[in-house]
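Chain by chain, the residues:
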Amino acid sequence: MTLYDLDGSGNCYKVRLFAALADIELELVAVDLRAGEHKGEAMRSLNPWCEVPILKDGNLVLRDAQAILVYLAGRYGGEAWWPGEAHLQGEVMQWLSVAANEIQHGPAAARLGKKFAADLDLNLAQARSKRILGLMDAHLAKHQWLAAGRPSIAECAVFPYIGLAWEGGLEMGPYQNVQAWMQRIRALQGFKAMPGINGPGS
Ligand SMILES: N[C@@H](CCC(=O)N[C@@H](CS)C(=O)NCC(=O)O)C(=O)O
């Protein structure tokens, strides 16, 4: 099974993290975004949206980190990570959507603006991030995990850009419940880091 990957990408890290936690073997193929490799013919034939991550499992090709998490957990991870009951799947999906929408436009965008000098509205991305972190902190004041009462693929989808939020200039001090939740994730068996995910200097 092959993951077309970029090591500094939080979206790719979502998949690498889950594979590590669920003990799923992945062959990583680095895609050079700076050289525009993701827009070349070979990658375009795998993903016309010209984005990583992309998963190839036999004849199956999947794009989008959240979709890949659902597939890997459903196919290889068992119910531990993607519950079978519809109401719990709904709970997990709420957070996969937050990862793909609000977090992309908040902490992930703030990181792009601050760390990679992307041409975007950094103040807006940071303001959105603070709202999300506040909502998450209130949720995590009452829950150990995001959904289903246990660690699930929701953690894998949400954790990367929250762990990297400091690179977007976000001060994490006010969000003690989010910080405690991140520590619980780091303590999970098989946890794998990416550069920056454990704070400055990590
Ligand atoms: N919805 C996709 C978004 C993936 C995405 O934005 N990937 C970035 C790297 S983190 C990318 O490939 N960007 C291509 C570009 O900047 O042209 C997902 O969640 O996987």
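Per an unreviewed UniProt entry, the chain is named Glutathione S-transferase, and its organism is Bowmanella dokdonensis.

S.K.: Could you clarify how one ought to interpret the overall build of the chain in this entry?
M.R.: Secondary structure assignment for the chain yields eight helices and four strands. The order of α-helices and β-strands along the chain, N terminus first, is β-α-β-α-β-β-α-α-α-α-α-α. Taking 2.2 N^0.38 as the reference for a compact globule, 202 residues should give roughly 17 Å; the C-alpha atoms of the chain span a radius of gyration of 16 Å, in line with that estimate. Principal axes of the C-alpha set define a box for the chain whose edges measure 45 × 40 × 30 Å. When each of the 202 residues of the chain is scored for burial, the buried share is 48%. In the chain, once contacts between residues fewer than 6 apart in sequence are set aside, the share between residues at least 24 apart is 65%. Accessible surface, the chain: about 9900 Å² in total, of which carbon and sulfur atoms supply 50%. Charged side chains of the chain number 19 positive and 21 negative; the gap between the two group centres comes to 4 Å.

S.K.: Just checking my understanding: could you explain the pairing of strand β2 (residues 27–30) for this structure?
M.R.: Working note: regular strand, side chains alternate between the two faces of the sheet. Where strand β1 (residues 2–5) meets β2, four bridges bridge the pair, whose relative direction is parallel. Note that in β2 the partner of Leu3 across the bridge is Leu28.

S.K.: Would you explain the packing of helix α1 (residues 10–21) against helix α7 (residues 153–163) in this entry?
M.R.: Helices that pack against each other are described as a pair by the angle of their axes relative to one another and the distance between those axes. Two numbers describe how α1 lies on α7: the axes approach to 8 Å, and their chain directions differ by 140°. What the angle tells us is that α1 and α7 run oblique. For the pair α1 and α7, the crossing hand works out as right-handed. Residues Gly10, Asn11, Tyr13, Lys14, Leu17, Phe18 and Leu21 of α1 form the contact with α7, whose participating residues are Ile153, Cys156, Ala157, Phe159, Pro160 and Tyr161. Grouping the amino acids of the contact of α1 with α7 by side-chain chemistry returns 10 nonpolar, two polar and one charged.

S.K.: Explanation requested: the side chain of Asn11 in the structure shown.
M.R.: Tracing the backbone shows Asn11 in helix α1. Residue Asn11 is classed as buried on the basis of its relative accessible area of 17%. In terms of polar contacts, Asn11 uses its side chain to reach the side chain of Lys14, at 2.8 Å.

S.K.: Just to check I follow, could you spell out the environment of Ala65 for this structure?
M.R.: Assignment of secondary structure puts Ala65 in helix α3 (residues 65–77). Between the C-alpha atom of Ala65 and that of Ala99, which follows or precedes it by 34 residues, the distance is 9.5 Å. Apart from residues lying up to four places away in sequence, Ala65 is in contact with Asn11, Lys14, Val15 and Pro53.

S.K.: When you look at the pattern of salt bridges in this model, what are you seeing that I'm missing?
M.R.: Opposite charge on two side chains permits pairing when their charged atoms draw close. All chains considered together, the criterion is met by three salt bridges. Residue Asp5 is joined to Arg16 by a salt bridge in which the shortest nitrogen-to-oxygen separation is 2.6 Å. Residue Asp5 is found in strand β1, and its partner Arg16 is found in helix α1; the two are separated by 11 residues along the sequence. Put simply, Arg111 and Glu167 hold a salt bridge, and the shortest N to O gap is 2.6 Å. Of this pair, Arg111 sits in helix α5 (residues 102–115) while Glu167 sits in the loop between α7 and α8 (176–186); the two residues are 56 residues apart in sequence, bridging distant segments of the chain. Here the two residues Arg111 and Glu167 agree in accessibility, since each one is buried.

Criteria and thresholds
- Within each chain, residues carry numbers counting from 1 in the order of the written sequence.
- With pLDDT at 70 or above as the cut-off, local features in this predicted model cover only qualifying residues; side-chain atom pairs require 80 or more to be listed or tallied, and sums for whole chains, interfaces and linings still use all residues.
- Hydrogens are left out, water is left out, and the side-chain values use all remaining heavy atoms of the structure.
- Strands here mean DSSP runs of E at least two residues long; helices mean DSSP runs of H or I at least four residues long; both are numbered from the N terminus.
- The size measure is the radius of gyration over C-alpha atoms, and the globule rule it meets is 2.2 Å times the number of residues to the 0.38 power.
- Each residue is placed in one exposure class: buried if its accessible area under a 1.4 Å probe, protein chains only, is under 20% of its type's maximum, exposed if it is over 50%, and partly exposed if it falls in between.
- Contact criterion: two residues are considered in contact whenever any of their non-hydrogen atoms come within 4.5 Å of each other.
- Calculation of accessible area relied on Shrake-Rupley with a 1.4 Å probe; when residues are assessed, cover is drawn exclusively from the protein chains displayed.
- Just so you know, the count uses Lys and Arg for positive and Asp and Glu for negative, and it drops His and the chain ends.
- The atom standing in for a charge is NZ when the residue is Lys, CZ when it is Arg, CG when it is Asp and CD when it is Glu.
- The criterion for strand pairing is that DSSP finds at least two bridges linking the strands in question.
- Axis lines are fitted through C-alpha atoms, for helices just across the contact stretch, and the angle between N-to-C directions can take any value from 0 to 180 degrees.
- Any angle that is under 35 degrees is reported as roughly parallel, and any over 145 degrees as roughly antiparallel; angles of 65 to 115 degrees are reported as roughly perpendicular and all others as oblique.
- Note: crossing handedness is left-handed where the near helix turns anticlockwise from the far helix by less than a right angle, and right-handed where it turns clockwise.
- Each residue gets one of three labels, nonpolar for Ala, Val, Leu, Ile, Met, Phe, Trp, Tyr, Cys and Pro, charged for Asp, Glu, Lys and Arg, and polar for the others, Gly among them.
- Whenever a nitrogen or oxygen atom comes within 3.5 Å of another N or O atom, the pair is scored as a polar contact, on the condition that within protein one atom can donate a hydrogen and the other can accept it, and that pairs from neighbouring residues in sequence are kept only if both atoms are in side chains.
- Every case where a carboxyl oxygen of Asp or Glu lies within 4 Å of a side-chain nitrogen of Lys or Arg is listed as a salt bridge.

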